[in-house]
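Architecture at a glance
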Amino acid sequence: MSSKCSITNRGRVDYPFLILCDEHFFRWLKNSNYKSSTISKLMKIKATSLHFNGRHNIILRDQFNIIKTEFPEYLLRAAVFSEDPSPVKDDDDDEYSTYIKHASNISSKNSIPIMILTANPQKDSYILNSHFKDLGGEVSIYSEEDAVKIVNRLFREFEKMIELKRTKI
Amino acid sequence: MEAQSAVEKKEKEILDIELAINLKDSIENSPITKVASQELKDKILAIDDFELLKVTKTIGSPITIKDAEILNEEMIEHEF
């Protein structure tokens, strides 16, 4: 994945995949040892995304509106972009179907893989969801420490960009 | 003067997080972004491009940068 990454002079990175976080991931993160480093990394990734500047890390608006009462909103907004669910959502979809359909829609529209980040208790609800089973691998589900590793993998691209800029000076 | 102070009262002060390189770009290239003092402008321009900044600004026209401090992980740990 990292070989796809390309770097621009303006401090932008062509990250190889997008992130879609749910509220359960943030609640887990809040009580983990990874909180400050992961939030900081999400902020830097969001601010430097070449093709998805300002909206690289997504959360659906309904969940954002819930967790913004639990976290400082200005910090959340710097880490994730809140957007409405895709029009493909059905009225009777649960939160997992909604997230999976949104991820699939974004991935296919933009030809880029997308990783859903969640907490362990919710992971199976995504994996066992019939909409997820129908997908061809463009959407992946990661929880807790594995989700943090996904953020770290993207952040490594950010670090490469800085290293490259500094070697050019 | 009264009209001016009414306008000033309408300005809303917000907190925002920006990467230093993006804030520097706005300061140097955006005609609607002003900095409250030359001292603050010099301070911002001297910060490493890839530091996160906690920026206090008034939104409107112009956008005025009132303060900027480096957002480190200790601050996130404390606030989040």
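Keep in mind that what you see is a predicted model, and the values were worked out from it rather than measured.

**Points about helix α1 (residues 23-30) of chain A**
All names here are of chain A. In terms of burial, α1 is largely enclosed, as six of its eight residues are buried. Those residues of α1 not exposed but buried are Glu23, His24, Phe25, Phe26, Trp28 and Leu29. Elements that come into contact with the buried residues of α1 comprise β1 (18-21), α2 (35-48), α3 (61-67), β4 (114-118), α6 (120-127) and α8 (144-168).

**Some thoughts on the confidence of the model for chain A**
With 94% of its residues at a pLDDT of at least 70, chain A reaches an overall mean of 91. Every residue in residues 1-8 of chain A is under pLDDT 50, and counting partners more than four places away or in other chains gives 18 contacts.

**Looking at the packing of α2(A) against α8(A)**
All names here are of chain A. Taken N-terminus to C-terminus, the directions of α2 and α8 make an angle of 50°; their axes are 9 Å apart at the nearest point. With respect to α8, the axis of α2 lies oblique. Two packed elements cross with a definite hand, and for α2 against α8 that hand is left-handed. In this structure, α2 contributes Thr38, Lys41, Leu42, Lys44, Ile45 and Thr48 to the contact, and α8 contributes Val148, Val151, Leu154, Phe155 and Phe158.

**A few points about the interface of chain B and chain A**
Contacts between chain B and chain A engage 14 residues on the former and 17 residues on the latter. Elements with a minimum of two residues in the side of chain B that touches chain A: β1 (12-19), α2 (20-29) and α4 (73-79) of chain B.

**A word on helix α5 (residues 95-110) of chain A**
Residues and elements named next belong to chain A. When the terminal C-alpha atoms of α5 are compared, their 22 Å separation across 16 residues agrees well with the 22 Å that a helix rising 1.5 Å per residue should span. For α5, the complete set of buried residues consists of Tyr96, Ser97, Thr98, Tyr99, Ile100, Lys101, His102, Ala103, Ser104, Ile106 and Ser107. Structurally, α5 contributes buried residues whose contacts are with β1, β2 (57-60), β4, α6, α7 (130-133) and β5 (139-143). Phi for Ser111, located one or two positions after α5, is positive at around 50°.

**Details of the nonpolar core**
For soluble globular proteins, the rule of thumb is that nonpolar side chains tend to be buried together. Residue and element names in this part refer to chain A. Counting residues in hydrophobic clusters, the biggest one holds 58 residues, and the most contacted among them are Leu20 and Ile116. A per-element tally of this core places α8 first, with six residues. For Leu20, the contacting residues outside a window of four places in its chain are Ile58, Tyr99, His102, Ala103, Ile114 and Ile116.

What counts and what doesn't
- Residues numbered from 1 in each chain as written.
- Chains lettered and ligands numbered in written order.
- Predicted model: local features only at pLDDT ≥ 70, side-chain atom pairs only at ≥ 80, totals over all residues.
- Buried ≥ 20, exposed ≤ 12 C-beta atoms within 10 Å, placed from the backbone.
- Helix = DSSP H or I, 4+ residues; strand = E, 2+ residues; numbered from the N terminus.
- Contact = placed C-beta atoms within 7 Å.
- pLDDT = per-residue confidence, 0-100.
- Axes fitted to C-alpha atoms, helices over the stretch in contact; angles between N-to-C directions.
- Parallel < 35°, antiparallel > 145°, perpendicular 65-115°, else oblique.
- Left-handed = near helix turned anticlockwise from the far one by under 90°.
- Expected span 1.5 Å × (residues − 1).
- Core = buried A, V, L, I, M, F, W, Y, C linked by C-beta atoms within 7 Å.

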